[in-house]
Amino acid sequence: MTGSTTPLEADVIVVGLGAWGSQALWRLASRGVRVIGVERFGIGHNLGSTHGATRLFRIACMEHPGLAPIALRARDLWYELGAATGQTLLRQTGGLMVGPADGQVVTGTLRAAEHAGIDVTVLDNAELAKQFPQYAALGPDHIGVWDPAAGLAYPERGVRAAVAAAEELGATVLSDTRVTNIDLVDGGVVVRAGGYTLRAPRIVMAMGAWMPKFVDVPLVARRTPMFWFEGENPGDIEAGGAYALENFPVFIRQLSDGTSLWGHGADTEDGDGYAVKMGLEDAGEVFSDADADEVDRYIHRDADTTLLSEAVGRAFPGMNPEPFKAIPCIVTNSVDRQFVIGRPGGDERIVIAGGDSGHGFKHAPAIGEILAQLVLDEEPFTDVAFMSPDRTYDGTSWADDMTVAPRAVATAQS
Ligand SMILES: Cc1cc2nc3c(=O)[nH]c(=O)nc-3n(C[C@H](O)[C@H](O)[C@H](O)COP(=O)(O)OP(=O)(O)OC[C@H]3O[C@@H](n4cnc5c(N)ncnc54)[C@H](O)[C@@H]3O)c2cc1C
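Predicted, not measured: the structure shown is a model, and the values here were computed from it.

Caption draft 1: A look at the site of the ligand. The local shell around the ligand holds 35 residues, among which E39, H45, T50, L56 and D356 are the closest. Taking E39, its side chain carries an N or O atom lying 2.6 Å from an oxygen atom of the ligand. D356 has a polar side-chain atom sitting 2.6 Å from an oxygen atom of the ligand. Contact with the protein chains covers 98% of the free accessible surface of the ligand, which is 1,000 Å². Contributions of two or more residues to the shell around the ligand are made by α1 (19–29), β4 (55–57) and β22 (330–333). Taken together, the residues of the shell around the ligand sort by class into 17 nonpolar, twelve polar and six charged.

This is the structure:
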């Protein structure tokens, strides 16, 4: 739609149509709610956190026990949305979690699988090396956990699908329209975006790395590049090759020194065709803080690649450790690396969704469902207290730091 001075009204306004906002729009529209979604860029763009073709999907999420029910609901909704829009949005191809038997990746996955009721198979050192010879450089105490429920979800396609499904159900979408002001008023919010003035009793704010510009919460945007690699032989990344997805499935791999790599083999069926995708877990020093409007979109050969290449060389000797493609991306970390979802300070007008902390795409449709339920005063389908903006973290009251008062959301700086 193009700019207009006409005021628009709705039951709910969703700001930010990335992974989470697009799904909130769909879940709200599917309830018959009058909803307007506003996105500053195009739908399914590559300037936020949701760009590229693939993201790892897991149900046995080691990050928090409360995530498994969310992933289970997300699985069902990914299939529902895929069926509604006639495309593949999730492929459960299975995944391998590898590392020291007493390390966080293995023990965390086993604990999460048990909690979620997911059947996983433990592969001892010898069995792992036999079934997956790409892992020949295993430490002697390293084992694998095969998780058949893991797989790949598809980010840009997923955003476009959710927005299309929402529009089909009657949602209004304003793309290429930047929200500049969110004013809290008696009985609701007034949002200024491009030439529009939007009014609604309630708002969902899902602006990803731009959230710190609108809400007074401890969130830090981090520049997080993603990389692609090739095998040593040209055929390795072709269908059936050693580093094709069917032979080199989705993985998270913890090395002996604690470094963790994530990735998956070349997805020749539904992926981007760029070969093996891999990256480092951000342990705090790998990536850098960023301002979402000024993030460095260049790749710097040594600064960005040295640590990763060295880890890839150690982990997978049959792989060329020099990445052949890289793209900067951005995530938003919360203090405890859990999502920040809920009504800060209990203000009934606002629900926020931020702090994706680099693991939020797989859950997107279920997060959208939670956002819809919260903003409509429905009971969420699962316990959301661990994601509350007002949660207590490590002895500190988050409520002290994270109050979204009218003053705090009144004006955007960007
Ligand atoms: C390299 C990398 C690898 C990852 N791997 C995985 C993985 O394997 N599995 C997984 O589950 N997750 C993964 N993630 C994390 C996942 O991609 C994110 O958690 C998810 O995409 C976050 O979505 P979001 O909706 O919070 O943010 P975004 O998708 O960025 O959405 C925010 C939206 O708000 C819009 N916006 C901002 N300000 C305004 C404004 N003023 N007006 C209007 N619109 C505005 C933005 O343009 C944007 O579209 C990875 C992330 C990266 C970077």
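Caption draft 2: Structural detail: the sheet that holds strand β12 (residues 188–193). On the basis of which strands lie adjacent, the open sheet formed by four strands has the order β1-β13-β12-β11 and mixed pairing. The open sheet is flanked by β1 (7–9) and β11 (179–185), the only strands paired with a single partner. Between one strand and the next, the sheet's axes are offset by a mean angle of 20°, whatever the strand orientation.

Caption draft 3: Structural detail: the pattern of salt bridges. Within the structure shown, the criterion is met by 26 salt bridges. Taken together, the shared-partner salt bridges in this structure form one network comprising R27, R31, R73, E369 and E378.

Caption draft 4: View of the environment of L245. Along the chain, L245 turns up in the loop between β16 (226–229) and β17 (250–254). It is 9.9 Å that separates the C-alpha atoms of L245 and G95, two residues lying 150 residues apart in sequence. Those residues within four positions of L245 in sequence are excluded, and the remaining contacts are R91, T93, L152, V250, H264, G265, A266 and D267.

Caption draft 5: Structural view of the packing of aromatic side chains. In total, this model carries 13 aromatic pairs according to the counting rule given. Here Y135 and F251 contribute two aromatic rings whose centre-to-centre distance is 6.4 Å and whose plane-to-plane angle is 85°, an arrangement assigned as edge-to-face. Of this pair, Y135 sits in the loop between α4 (125–131) and β8 (142–147) while F251 sits in strand β17; the two residues are 116 residues apart in sequence, bridging distant segments of the chain. Here the two residues Y135 and F251 agree in accessibility, since each one is buried. On the basis of an interplanar angle of 80° and a centroid distance of 4.8 Å, the ring pair of Y243 and F248 is categorised as edge-to-face. The exposure class assigned to Y243 is buried, which follows from its relative accessible area of 3%. Of the aromatic side chains, those joined through ring pairs into one cluster are F132, Y135, W146, Y243, F248, F251 and F316. Of note, K325 hangs over the ring of Y274, and the distance from its end group to the ring centre comes to 4.4 Å.

Caption draft 6: Just the nonpolar core, in detail. Counting 58 residues, the largest nonpolar core has W20, W78 and I341 as its most contacted members. Mapped by element, the contributors of at least two residues to this core are β2 (12–15), α1, α2 (67–85), α3 (104–116), α5 (155–168), β24 (350–354) and α7 (364–375). Those residues in contact with W78, other than ones at most four positions away along the chain, are Q23, F57, L89, L90, G158, F361, K362, A364 and P365. The next biggest cluster of nonpolar side chains, apart from the first, holds 32 residues, and it includes I13, I36, V38 and A209.

Caption draft 7: The arrangement of the sheet that holds β24 in detail. Pairing is mixed in the open sheet, where six strands are placed in the order β10-β3-β2-β14-β24-β23. Where the open sheet ends on each side, the last strands, each with one partner, are β10 (172–174) and β23 (340–342). Neighbouring strand axes in the sheet, compared pairwise and without regard to direction, differ in orientation by 15° on average. Across three bridges, the pairing between strand β14 (residues 202–205) and β24 is parallel. In the sheet register, V204 faces β24, and the bridge partner there is V351. Contacts between α1 and the sheet are confined to β2, β3 (35–38), β10, β23 and β24, with β3 contributing the most and set at about 165° to the helix.

Caption draft 8: How the structure looks around the packing of α1 against α7. In the contact formed by α1 and α7, the axes pass within 7 Å of each other and the chain directions differ by 55°. The orientation of α1 relative to α7 falls into the category oblique. Read as a crossing pair, α1 and α7 show a hand that is right-handed. Across the interface between the two elements, A19, W20, Q23, A24, R27 and L28 from α1 touch A364, P365, I367, G368, E369, L371, A372 and V375 from α7. Its residues placed into classes, the contact of α1 with α7 shows ten nonpolar, two polar and two charged.

Each value, and the rule that gives it
Residues numbered from 1 in each chain as written. Predicted model: local features only at pLDDT ≥ 70, side-chain atom pairs only at ≥ 80, totals over all residues. Heavy atoms only, no water. Near = heavy atom within 4 Å. Polar contact = N/O pair within 3.5 Å; in protein donor to acceptor, adjacent residues only side chain to side chain. Areas by Shrake-Rupley, 256 points an atom, 1.4 Å probe, with all protein chains shown as cover. Helix = DSSP H or I, 4+ residues; strand = E, 2+ residues; numbered from the N terminus. Nonpolar A, V, L, I, M, F, W, Y, C, P; charged D, E, K, R; others polar. Pairing = 2+ DSSP bridges. Axes fitted to C-alpha atoms, helices over the stretch in contact; angles between N-to-C directions. Salt bridge = Lys/Arg side-chain N within 4 Å of Asp/Glu carboxyl O. Contact = heavy atoms within 4.5 Å. Phe/Tyr/Trp six-rings, centres within 6.5 Å; stacked < 30°, edge-to-face > 60°. Buried < 20%, exposed > 50% of the residue type's maximum accessible area, 1.4 Å probe, protein only. Lys NZ or Arg CZ within 6 Å of the ring centre and 35° of its normal. Core = buried A, V, L, I, M, F, W, Y, C linked by side-chain atoms within 4.5 Å. Parallel < 35°, antiparallel > 145°, perpendicular 65-115°, else oblique. Left-handed = near helix turned anticlockwise from the far one by under 90°.

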